[in-house]
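# Report on the structure
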Amino acid sequence: PPPGTPRRTVLGFKRRGHWYWTLDLQECRIFSPHLPAILQATNGWLQAHQLIHHEARAKRGSLRNLVLRQGKRSGDLLGILISATPVAPLPEFVAALTAAAPFTSLLWGQNESVSDVATADELTLLHGRDSLQEELRLPDAAGERHLRVQLSPFGFFQSNTLATELLYGQIRQWVRESAPAVLYDLYGGAATIAMACADLVPQVHSVESFAPASADGARNLALNG
């Protein structure tokens with residue numbers, strides 16, 4: 001469009017090779033069947049309150065990101081609204097999204113940085129729990145190993161739970177065959193690989209430099225005994 005033309009606020013993914021161009025998303029068959037209703041509810045909310053996307057150069061608008069996470073085994077659904085400045089109609093946001101989908105967690109975070117990264121220095125809990133819970137059912141020659149995982153809103157976890165179960169099952173097989181005295185889970189995140197193999201080795205060390213992930217790991221160790 002010509003310079004100075006107002007750009008419509010849309011919710012979706014960035015077009016390949018065009019960081020400034022967001023595609024208006026209507027569905028995503030990978031994430032969740034709830035997504036079309038979530039998108040419709042969010043778009044209805046921002047239009048009803050005349051909210052617009054954030055433009056750092058023009059110093060206008062507020063809305064930056066909507067982060068969505070779902071536990072494929074647990075069914076937990078978590079959403080994080082990220083804005084550049086405080087957004088007044090947050091109760092209406094909660095009402096719209098909880099009517100659209102069974103959210104177990106909704107949070108708001110503020111991000112004033114220039115970089116286009118979906119993160120926030122602090123989070124405010126708007127609805128439900130302040131964490132996402134997931135379950136793992138790991139295949140094993142001796143029977144399934146079940147784990148419960150609790151994740152902070154931005155905590156790292158593999159994006160495909162069912163594929164993760166197969167991956168961790170393969171790792172268990174290798175560990176069982178090699179029978180090490182000590183196992184090191186490097187870049188361990190929330191300690192899920194360490195927990196997946198903890199019953200197979202005398203000693204396991206999960207090593208992680210990102211403090212929130214380490215905190216998730218400590219909670220998960222206690223959660224799984």
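Below or above, wherever it landed, is the structure these notes cover. Just so it is clear, the model here is predicted, and its values are computed rather than measured.

### Description of the overall build of the chain
For the chain, the helix and strand inventory stands at five helices and 10 strands. Principal axes of the C-alpha set define a box for the chain whose edges measure 65 × 35 × 30 Å. The 225 residues of the chain split such that 38% are buried. A fraction of 56% describes how many contacts in the chain between residues 6 or more apart in sequence connect residues 24 or more apart. About 13,100 Å² of surface is accessible on the chain, with carbon and sulfur atoms providing 56% of the total. Positive and negative side-chain charges in the chain, numbering 20 and 20 respectively, have mean positions lying 7 Å apart.

### Brief notes about the pattern of salt bridges
Throughout the structure, instances matching the rule amount to 12 salt bridges. A salt bridge links D116 to K14, with the shortest nitrogen-to-oxygen separation between them at 2.4 Å. Residue D116 is located in the loop between β5 (105-110) and β6 (123-128), and its partner K14 is located in strand β1 (residues 14-15); the two are separated by 102 residues in the primary sequence. Residue classification places K14 among the partly exposed residues on the basis of a relative accessible area of 40%. In this structure, a network of salt bridges that share partners links the residues D140, R145, R172, R176 and D199.

### Here's the deal with the pairing of strand β7 (residues 132-138)
Of the two faces of β7, only one is covered, namely that formed by L132, E134, L136 and L138; the face formed by Q133, E135 and R137 stays uncovered. Alignment of β7 against strand β8 (residues 145-151), held across seven bridges, turns out to be antiparallel. Across the sheet, the residue bridging to L132 is L151, located in β8.

### Considerations on the nonpolar core
Nonpolar side chains in soluble globular proteins generally cluster together in the buried interior. Counting 24 residues, the largest nonpolar core has W45 and F93 as the members making the most contacts within it. Looking at which element gives the most residues to this core, the answer is helix α1 (residues 35-48), with six residues. Not counting residues up to four positions away in its chain, the partners in contact with W45 are L51, L63, L81, V87, P89, E92, F93 and A96. Residues I82, L132, L183 and M195 belong to the second largest nonpolar core, which totals 21 residues.

### A few points about the sheet that holds strand β3 (residues 63-70)
Remark on secondary structure: sheet strands pair via backbone hydrogen bonds, oriented parallel or antiparallel. Ordered in space as β3-β4-β5-β6, the four strands form an open sheet in which the pairing is mixed. The sheet is open, and its two borders are formed by β3 and β6, each paired with just one other strand. Between one strand and the next, the sheet's axes are offset by a mean angle of 15°, whatever the strand orientation. Bridge count for β5 against β6 is five bridges, and the pairing is antiparallel. Within β6, the position partnered with W108 by the bridge is T124. Each of β3 and β4 (77-83) is contacted by α1, which is oriented at about 155° to β3, the strand it contacts most.

Calculation rules
Residues numbered from 1 in each chain as written. Predicted model: local features only at pLDDT ≥ 70, side-chain atom pairs only at ≥ 80, totals over all residues. Heavy atoms only, no water. Helix = DSSP H or I, 4+ residues; strand = E, 2+ residues; numbered from the N terminus. Buried < 20%, exposed > 50% of the residue type's maximum accessible area, 1.4 Å probe, protein only. Contact = heavy atoms within 4.5 Å. Areas by Shrake-Rupley, 256 points an atom, 1.4 Å probe, with all protein chains shown as cover. Lys, Arg positive; Asp, Glu negative; His and termini not counted. Charge placed at Lys NZ, Arg CZ, Asp CG, Glu CD. Salt bridge = Lys/Arg side-chain N within 4 Å of Asp/Glu carboxyl O. Pairing = 2+ DSSP bridges. Core = buried A, V, L, I, M, F, W, Y, C linked by side-chain atoms within 4.5 Å. Axes fitted to C-alpha atoms, helices over the stretch in contact; angles between N-to-C directions.

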